[in-house]
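Letter by letter, the chains look like this.
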Amino acid sequence: MTDSPHISTSQRLFESDAPQALAAATFLLAGFALARQHELLGEIEQVLRESPLRHMQTPGGFTMSVAMSNCGALGWVSDRKGYRYTPMDPLTNAPWPVLPSCMQQLATEAAALCGFAGFMPDACLINRYAPGTRMSLHQDKNEVDYSAPIVSVSLGVDAAFQLGGMQRSDKPLRIGLQHGDVLVWGGEDRLRFHGVLPIKPQHHPLMGPDRINLTFRKAG
Ligand code: SIN
Ligand code: FE2
């Protein structure tokens, strides 16, 4: 991966309102979530008390290394039957926790800054990456309508995000994501392949060794 195109990111000490275009309809809002980090982390903690993180099964029978949960009307699940959205948490047999307002507002505002006015997510996937954990290249395509963007919030230790093309074989752009960064992709970029390279051992003052990613979607 050392030869892939690389967008380097310096330490971010303040929020930037100017989206950085990485592709035609893919934008980085560096540090956009920093101003509400404590509120966000409190809301995440509350959600995870109701619907704990768990390692889901892939349809092929493997255990996913990223631990996941959801909030919102719909939650993304994977098991032997496949990938899909469900209104109920299969672990608790209860509806997924309500999407907290600070999280929803963050996603709606970030999308609007990137040209996607009126984005109303009904699903937020919470991914927790421990050191060494990765997410291989994939497309987000379990949603009903691709006209809404994906809004992805990074918290905790740094990650190297791979922004691929429309084909799995397209060489991905490598984007450094830090605590508080928000990435938005939609429109003609909505079905780009993307993934996360293995998380390096690091320490974040609020999150320890882990990375948490929130992915907001209009799923139903
Ligand atoms: C995802 O594609 O669901 C997660 C992306 C990320 O963790 O940044
Ligand atoms: Fe994804």
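Presented here is a report on the structure given in the accompanying data block.

What counts as what
- Residues numbered from 1 in each chain as written.
- Chains lettered and ligands numbered in written order.
- Predicted model: local features only at pLDDT ≥ 70, side-chain atom pairs only at ≥ 80, totals over all residues.
- Heavy atoms only, no water.
- Helix = DSSP H or I, 4+ residues; strand = E, 2+ residues; numbered from the N terminus.
- Rg over C-alpha atoms; globule rule 2.2 N^0.38 Å.
- Buried < 20%, exposed > 50% of the residue type's maximum accessible area, 1.4 Å probe, protein only.
- Contact = heavy atoms within 4.5 Å.
- Areas by Shrake-Rupley, 256 points an atom, 1.4 Å probe, with all protein chains shown as cover.
- Expected span 1.5 Å × (residues − 1).
- Arc of directions from axis to C-beta.
- Donors = N, O, S within 2.8 Å, 3.2 Å for Na, K, Ca; no water.
- Tetrahedral: all angles 85-135°; square planar, octahedral: opposite > 155°, others 65-115°.
- Near = heavy atom within 4 Å.
- Polar contact = N/O pair within 3.5 Å; in protein donor to acceptor, adjacent residues only side chain to side chain.
- Axes fitted to C-alpha atoms, helices over the stretch in contact; angles between N-to-C directions.
- Parallel < 35°, antiparallel > 145°, perpendicular 65-115°, else oblique.
- Nonpolar A, V, L, I, M, F, W, Y, C, P; charged D, E, K, R; others polar.

## Section: the overall build of the protein chain
In terms of helices and strands, the protein chain carries 2 helices and 16 strands. Relative to the 2.2 N^0.38 estimate, which gives 17 Å for 220 residues, the radius of gyration of the protein chain is 16 Å and therefore close to what a compact globule would have. Reported as C-alpha extents along the three principal axes, the dimensions of the protein chain are approximately 45 × 40 × 35 Å. Looking at the protein chain as a whole, 56% of its 220 residues are labelled buried. At a minimum sequence separation of 6, the contacts of the protein chain that also span at least 24 residues come to 73%. Total accessible area on the protein chain stands at roughly 9,900 Å², and carbon and sulfur atoms take up 56% of it.

## What to know about helix 1 (residues 37–50)
Taking 1.5 Å per residue, 14 residues should reach 20 Å; helix 1 reaches 20 Å between its end C-alpha atoms and fits that length. Among all positions of helix 1, only Gln37, Leu40, Leu41, Glu43, Ile44, Val47 and Leu48 are buried. Each buried residue of helix 1 lies within a common arc of 160 degrees when the element is viewed along its axis, so the set occupies one face. Opposite the packed face of helix 1, turned more than 90 degrees from it, sit the exposed residues His38 and Arg49. Residues of helix 1 that are buried in the fold lie against strand 4 (67–71), helix 2 (101–113), strand 9 (123–129), strand 11 (150–156) and strand 16 (211–217).

## Quick word on the coordination of the iron ion (ligand 2)
With distances of 2.1 to 2.2 Å, the protein atoms coordinating the iron ion (ligand 2) are His138 (NE2), Asp140 (OD) and His194 (NE2). Around the iron ion (ligand 2) sit 4 donor atoms; with metal-centred angles ranging over 90 to 174 degrees, the donor geometry is irregular. Here the donor residues of the iron ion (ligand 2) share one chain and are spaced in sequence as H-x1-D-x53-H. Here aspartate 140 is found in the loop between strand 10 (135–138) and strand 11, whereas its partner histidine 194 is found in strand 15 (residues 194–196), with 54 residues between them in sequence. The class for histidine 194 is buried, based on a relative accessible area of 4%.

## Concerning helix 2
For helix 2, with 13 residues, the first-to-last C-alpha span of 18 Å sits near the 18 Å given by 1.5 Å per residue. Taken as a whole, helix 2 has its buried residues at Cys102, Met103, Gln104, Leu106, Ala107, Thr108, Ala110 and Ala111. Of the residues flanking the end of helix 2, it is glycine 115, one or two places downstream, whose phi is positive at about 95 degrees.

## Some words on the site of ligand 1
Neighbouring residues of ligand 1: Asn127, Tyr129, Met135, His138, Ser152, Phe161, His194, Val196, Arg211, Asn213, Thr215 and Arg217. Residue asparagine 127 places a side-chain N or O atom 3.5 Å away from an oxygen atom belonging to ligand 1. Starting from 260 Å² of accessible surface for ligand 1 in isolation, the protein chains cover 99%. Counting residues per element, the ones that place at least two in the shell around ligand 1 are strand 9, strand 10, strand 15 and strand 16. With 4 residues, strand 16 is the single largest residue contributor to the shell around ligand 1.

## Thoughts on the packing of helix 1 against helix 2
At a minimum axis distance of 8 Å, the contact between helix 1 and helix 2 shows a crossing angle of 125 degrees. If you check the angle between helix 1 and helix 2, you find them oblique. On the side of helix 1, the interface is formed by Glu39, Leu40, Glu43 and Ile44, while helix 2 contributes Ser101, Cys102, Met103 and Leu106. Looking at the contact of helix 1 with helix 2 residue by residue, the classes come out as 5 nonpolar, 1 polar and 2 charged.

Note that all results are geometric; they support no functional claim without further evidence.
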